[in-house]
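Inside the fold
What follows is each chain in one-letter form.
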Amino acid sequence: MNADPATDVFEEHRPVLTGVAYRMLGRIADAEDVVQEAWLRWSSADRGEVREPRAYLVRITTRLAVDRLRHLRSRREAYVGPWLPEPLTTEEAVGSPSVPDAAERAVLADSVSFAVLVVLESLSPLERAVFVLREAFGFPYAEIAAALDRTEPAVRQLAGRARRHVEERKPRYDVDPAERRDLTERFLAAASGGSIEELMALLAPDVRLVGDAGGKAKAALRTIGSADKVGRFLAAVAQEIGPDWDMRIAEFNGGPAVACFVGGKPDTFLQLEVRYGAIQCIYIVRNPDKLSGLSALFDL
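What comes next concerns the included structure.

Reading the values: the criteria
Residues numbered from 1 in each chain as written. Predicted model: local features only at pLDDT ≥ 70, side-chain atom pairs only at ≥ 80, totals over all residues. Heavy atoms only, no water. Helix = DSSP H or I, 4+ residues; strand = E, 2+ residues; numbered from the N terminus. Rg over C-alpha atoms; globule rule 2.2 N^0.38 Å. Buried < 20%, exposed > 50% of the residue type's maximum accessible area, 1.4 Å probe, protein only. Lys, Arg positive; Asp, Glu negative; His and termini not counted. Charge placed at Lys NZ, Arg CZ, Asp CG, Glu CD. Contact = heavy atoms within 4.5 Å. Pairing = 2+ DSSP bridges. Expected span 1.5 Å × (residues − 1). Core = buried A, V, L, I, M, F, W, Y, C linked by side-chain atoms within 4.5 Å.

What follows deals with the overall build of the chain. The number of helices and strands found in the chain is 12 helices and six strands. Over its C-alpha trace the chain gives a radius of gyration of 20 Å, about what one expects of a compact globule, namely 19 Å for 300 residues. Principal-axis analysis of the C-alpha atoms places the extent of the chain at approximately 65 × 50 × 40 Å. Expressed as a percentage of its 300 residues, the buried residues of the chain come to 49%. Mean positive and mean negative side-chain charge positions of the chain (39 and 45 charges, respectively) differ by 6 Å.

Turning next to the side chain of aspartate 30. With respect to the secondary-structure elements, aspartate 30 resides in helix α2 (residues 28-43). Residue classification places aspartate 30 among the buried positions, given a relative accessible area of 12%. Look past the residues within four positions of aspartate 30 in its chain and what remains in contact with it is Leu25, Arg68, Leu72 and Arg76.

Our focus in this paragraph is the sheet that holds strand β3 (residues 245-252). Pairing in this open sheet of six strands is mixed, and the strands run β2-β1-β6-β5-β4-β3 from one edge to the other. Because the sheet does not close on itself, it has two edges, and the strands there are β2 (224-225) and β3. Pairing of strand β4 (residues 255-262) with strand β5 (residues 265-275), which is carried by six bridges, proceeds in the antiparallel orientation. What sits directly across from phenylalanine 261, in β5, is proline 266.

Glancing now at helix α6 (residues 125-136). One turn of an α-helix holds 3.6 residues; hence residues three or four places apart share an orientation. For α6, with 12 residues, the first-to-last C-alpha span of 16 Å sits near the 16 Å given by 1.5 Å per residue. All buried positions along α6 are accounted for by Pro125, Leu126, Glu127, Arg128, Ala129, Val130, Phe131, Val132, Leu133 and Ala136. Among the residues trailing α6, glycine 138 stands out with phi positive, at a value near 70 degrees.

In terms of nonpolar packing, the biggest core is built from 52 residues, with Phe10, Met24, Trp42, Leu120 and Phe137 touching the most fellow members. Contributing elements (two or more residues each) for this core: α1 (5-25), α2, α3 (53-77), α5 (114-120), α6, α7 (141-148) and α8 (152-169). Ignoring sequence-local partners within four residues, the contact set of tryptophan 42 consists of Ala6, Val9, Phe10, Arg47, Val50, Pro53, Tyr56 and Leu57. Membership of the second largest hydrophobic core comes to 24 residues, among which are Leu183, Ala191, Val274 and Ile279.

Here's what the structure looks like:
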């Protein structure tokens, strides 16, 4: 049986398309929907007129993602409590079919970090598209301009504005992955053992806790700040941990994270932002709509 050339070309570029769509939308299901729609358009297109399939497919995917993001904005404004991205496994790849070196992998991993994706939520859809295509995937300005049907000078302005916005709001420090993993393991051990003193010792004085349950599970409805308040919140949570809790550490969104299962069902996702050997921010996702894919990842 002969392979379908159109399918082969699309599958070759699917990782990049999915990577772009996820960074634009922050939800795996939304990203997959966009990529599926891109496939439908690709399969019905006059491909004889397409000279550069990758650029063509990225253009379709980006425009679809921009349209969907505009539609989602009103829904997210009515979201109950803080909004966080859906956890994305990055054990093997971060949205590129091949990552030639550690430096490129680090850039791609950073672009899917919770810290960056939360900041990207405050950009306009066009600013976000330009930032993703330029900063995460290194597309030339001319290609981005074609993808967004804008002039190159306009795209450069959007890129500069988006870059300044992200740099002003994202953490400005690099963390040793081994240190981050160590702190995650110590945090998990302290929480599992009910040691509030050990938990408090890991927190920075100005630590923040951001919880996302979407009104569908128990969680803080506002960001919690300061070690004292975060510590008291964690102490209450730790008391609920029982023998039916199964907690696993794996790489998500470019760093170690904890996936918690209760009775075999995904219950909580937790990731730490670390600086100077202390926990600076704790992201907690409890919205069941964003955790449904965890069971398959851990063969549960």
